[in-house]
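# Architecture at a glance
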Amino acid sequence: MAHVAQGEKEDIDRAVRAARRTFDSGPWHTMTPSMRGRLLNKLADLAEQHSEEFAQLESLDNGKPLSVARAADVPLAIDMFCYMAGWATKIEGNTIPMSFPGQYFAYTLREPVGVVGQIIPWNFPLLMAAWKLAPALAVGCTSILKPAQQTPLSALRLGELIMEAGFPAGVVNIVTGFGSGAGAPLAAHPAVDKIAFTGSTEVGKMILQAAAGNLKKVSLELGGKAPNIVLKDMDVQTAIAGAAHAIFFNQGQVCCAGSRLYVEKGVFDQVVEGVAEHTKKIKIGSGFDPSVTMGPLVSDEQLSRVTGYLQLGMSEGAKSLAGGQRYGDHGYFVEPTVLVSTNQNMRVVREEIFGPVVVAQPFDDLDEILSLANDTVFGLSAGIWTRDISKAHRIAAQLKAGTVWINCYNVFDAALPFGGYKQSGWGREMGHAVLESYTEVKSVCIGL
Ligand code: TAP
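Rules and cut-offs
Residues numbered from 1 in each chain as written. Predicted model: local features only at pLDDT ≥ 70, side-chain atom pairs only at ≥ 80, totals over all residues. Heavy atoms only, no water. Helix = DSSP H or I, 4+ residues; strand = E, 2+ residues; numbered from the N terminus. Contact = heavy atoms within 4.5 Å. Near = heavy atom within 4 Å. Polar contact = N/O pair within 3.5 Å; in protein donor to acceptor, adjacent residues only side chain to side chain. Areas by Shrake-Rupley, 256 points an atom, 1.4 Å probe, with all protein chains shown as cover. Nonpolar A, V, L, I, M, F, W, Y, C, P; charged D, E, K, R; others polar. Pairing = 2+ DSSP bridges. Axes fitted to C-alpha atoms, helices over the stretch in contact; angles between N-to-C directions. Buried < 20%, exposed > 50% of the residue type's maximum accessible area, 1.4 Å probe, protein only. Salt bridge = Lys/Arg side-chain N within 4 Å of Asp/Glu carboxyl O. Right-handed = clockwise from strand over helix to strand, strands pointing away. Phe/Tyr/Trp six-rings, centres within 6.5 Å; stacked < 30°, edge-to-face > 60°. Arc of directions from axis to C-beta. Lys, Arg positive; Asp, Glu negative; His and termini not counted. Core = buried A, V, L, I, M, F, W, Y, C linked by side-chain atoms within 4.5 Å.

Mapped onto the elements of the fold, alanine 138 is located in helix H6 (residues 125-139). C-alpha of alanine 138 to C-alpha of threonine 89: the two residues are 49 residues apart in sequence and 8.2 Å apart in space. Beyond its immediate stretch of four places on either side in the chain, alanine 138 contacts Arg36, Leu40, Met84 and Ala88.

In structure tokens:
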């Protein structure tokens, strides 16, 4: 489909030098916040003018249905640039009342952290680029962005629009390549001040080690194994549709996917059979076919990983109510799968599969569901389906997860922080929360 450069350590060195120079002494250094905001707005406008092209690139590169790229990836990415454009002029410090003996005037400044390395995955390539670049640029950082090797095309096209918008040279440096050849030297680079990573928990831990050399700041958005909890008072059809969307959206290749479905006894059979029935309505095929609602997985490697988990689940004693294997004999398609007869000790319940596979279990009461839901090393997201608003708030308060959706799922907004408890990560994306991870606070104290 396309040939893309395989960046190596020396390309990362050159990109970091450009980003460093531009941050320390280039035009970016002296540009006003208002101008930075205007550039971000211009980039959003350009991306909007090219939204159909971006949607097609995303579908071609990742396999996702074009309709999904049009409805989710592209508008959310554009919105992220617009939202962060507004923040560029609002990065403020405080004045601090002092109690130290004497008279002082003290204030804080919020300054850009500097040169940031940003490493992103393949599941939402353009959106992940926007989540990373927009806040970094709003506060005045410079960036070296490494897209995933499977899906570099939309980031490269975005790079062209960044130039067209008029961002000074060296502000955004996109280096395509592999994690080992380009990602690792970026994470370890002594002239990089911060690394922002989205991807697997396993690689997240490697990033931490690589960052230790110069103790660069680190933010991590990692894997998940989200509990999606259905209480028996919920309208069953709404719960079924919600549970199916929570796991099957984007072929299940979503870090916050509702991959553990817990249903209160009394409606368990109805809900899981309903989700299994729902899979028959999912049309699998090319992302460019308008009737298709589920595309292929991203790669051969991902296909092996997901089908490997399906075999493992069966060998552990799980039963499939729907799906359970590869779909067809060519391409990277997997049947949307509902596994029952599962328990907390199974690897399919404990590990992130990152495919269209949900594991379902019944529960008795609130105490049991809280203990099951929180029995995981992850803590990215969770879902609750109930008409009882008081129960919903009580459960939400006790879930160890960065995002809790009640009677909805996979709802994202540039203003709503997103990130993980426990091994799902450090720091938050989006909202004003993300600005903290791209800025340093400087205290200035003046004796009067
Ligand atoms: P990762 O290996 O975590 O890849 C994410 C990004 O990190 C890619 O750009 C990758 O480069 C890069 N990378 C890999 N090794 C690196 C290293 N040593 N130093 C610096 N950067 C490195 O994810 P994957 O291989 O694409 O997928 C593996 C599993 O991770 C999936 O099956 C899924 O479970 C999980 N995953 C989670 C997420 C989220 S959002 N939580 C996203 C993707 C995957 P390459 O271009 O070489 O891949």
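On to the site of the ligand, then. What surrounds the ligand is a group of 29 residues, the closest being Trp122, Gln149, Gly179, Ser200 and Arg305. Separating an oxygen atom of the ligand from a backbone N or O atom of glutamine 149 is a distance of 2.6 Å. A distance of 3.1 Å separates an oxygen atom of the ligand from a polar atom in the side chain of glutamine 302. Relative to its unbound accessible area of 850 Å², the ligand is 89% covered by the protein chains. Contributions of two or more residues to the shell around the ligand are made by helix H8 (179-188), strand S6 (194-198), helix H9 (201-211) and helix H12 (300-316). Grouping the amino acids of the shell around the ligand by side-chain chemistry returns 15 nonpolar, eleven polar and three charged.

Okay, the sheet that holds strand S15 (residues 425-426) next. Reading across from one edge, S5-S4-S3-S6-S7-S15 is the order of the six strands in this open sheet, with mixed pairing throughout. Each edge of the open sheet is held by one strand with a lone partner, namely strand S5 (172-174) and S15. Strands strand S3 (115-119), strand S4 (142-146) and S5 of the sheet are contacted by helix H1 (residues 9-24), whose axis makes an angle of about 160° with S4. Against the sheet, H6 engages S3, S4, S5, S6 and strand S7 (217-221), with an angle of about 170° to S3.

A word on the sheet that holds strand S1 (residues 95-96). Taking strand neighbours across the sheet as the criterion, the three strands line up as S1-S2-S16 in an open arrangement whose pairing is antiparallel. At either end of the open sheet lies a strand with only one pairing partner, and these are S1 and strand S16 (439-447). Bridge count between S1 and strand S2 (residues 104-112): two bridges; the pairing is antiparallel. Paired with isoleucine 96 across the strands is alanine 106, a residue of S2.

With that settled, the discussion passes to the environment of lysine 194. Its location among the elements puts lysine 194 in strand S6. On the basis of relative accessible area, lysine 194 is assigned to the buried category, the value being 1%. Side-chain polar atoms of lysine 194 contact the side chain of serine 219, separated by 2.6 Å.

Next up on the list: the pattern of salt bridges. Under the criterion given, the structure shown has 16 salt bridges. Here the residues in one salt-bridge network are Arg20, Asp24 and Asp193, joined through shared partners.

Our next topic: the pairing of S6. The two faces of the sheet receive side chains in turn, since in a regular strand these alternate between them. The buried count for S6 comes to five of five residues, which makes it a mostly enclosed element. Neither face of S6 is left uncovered, since the one carrying Lys194, Ala196 and Thr198 and the one carrying Ile195 and Phe197 both have all their residues buried. For S3 and S6, the ladder comprises four bridges, and the chain directions are parallel. By the bridge assignment for S6, glutamine 118 is matched with alanine 196. With H9 bridging S6 and the parallel S7, this β-α-β connection has right-handed handedness.

So, about the pairing of strand S13 (residues 381-385). Within S13, five of the five residues are buried, which leaves it mostly tucked inside the rest of the structure. The pairing of strand S8 (residues 227-230) with S13 spans three bridges and is classified as parallel. Residue pairing in the sheet places valine 230 in a bridge with tryptophan 385 of S13. Handedness of the β-α-β unit built from S13, helix H15 (residues 389-398) and strand S14 (residues 403-406) comes out right-handed.

The tally for this structure, following the rule as stated, stands at eleven aromatic pairs. Plain terms: the ring middles of phenylalanine 412 and phenylalanine 418 are 5.5 Å apart, the flat faces sit at 70° to each other, and that makes the pair edge-to-face. Under the relative-accessibility criterion, phenylalanine 418 is labelled buried at 2%. Put simply, the rings of Trp131, Trp405, Tyr409, Phe412 and Phe418 touch in pairs and so form one group of aromatic residues.

A few words on helix H14 (residues 366-373). When we look at burial in H14, the residues that qualify are Leu366, Ile369, Leu370, Leu372 and Ala373. What you see down the axis of H14 is that its buried residues fit within an arc of 165°, all on one side. In this structure, the buried side of H14 is in contact with S8, strand S9 (260-264), strand S12 (357-363) and H15. Two or three places before aspartate 367, at the start of H14, stands the capping residue aspartate 365, its side-chain oxygen 3.3 Å from that residue's backbone nitrogen.

Structurally, the position occupied by lysine 225 is in the loop between S7 and S8. No salt bridge is formed by the buried lysine 225; its nearest oppositely charged neighbour, glutamate 351, is found at 8.2 Å. Separated by 2.7 Å, the side chain of lysine 225 and the backbone oxygen of glutamate 351 make a polar contact. Not counting residues within four places of it along the chain, the set of residues in contact with lysine 225 comprises Ser259, Arg260, Val348, Val349, Arg350, Glu351, Glu352, Ile353, Thr376 and Phe378.

Core analysis: the largest hydrophobic core is formed by 96 residues, its most contacted members being Phe81, Leu158, Phe167, Leu261, Val271 and Val275. It is H6 that contributes the most residues to this core, twelve residues altogether. Apart from the residues within four sequence positions on either side, valine 275 is in contact with Ile240, Ala243, Ala244, Phe248, Leu261 and Val338. Core analysis: the next-biggest nonpolar cluster, separate from the first, contains 28 residues, Leu303, Leu310, Ile353 and Leu366 among them.

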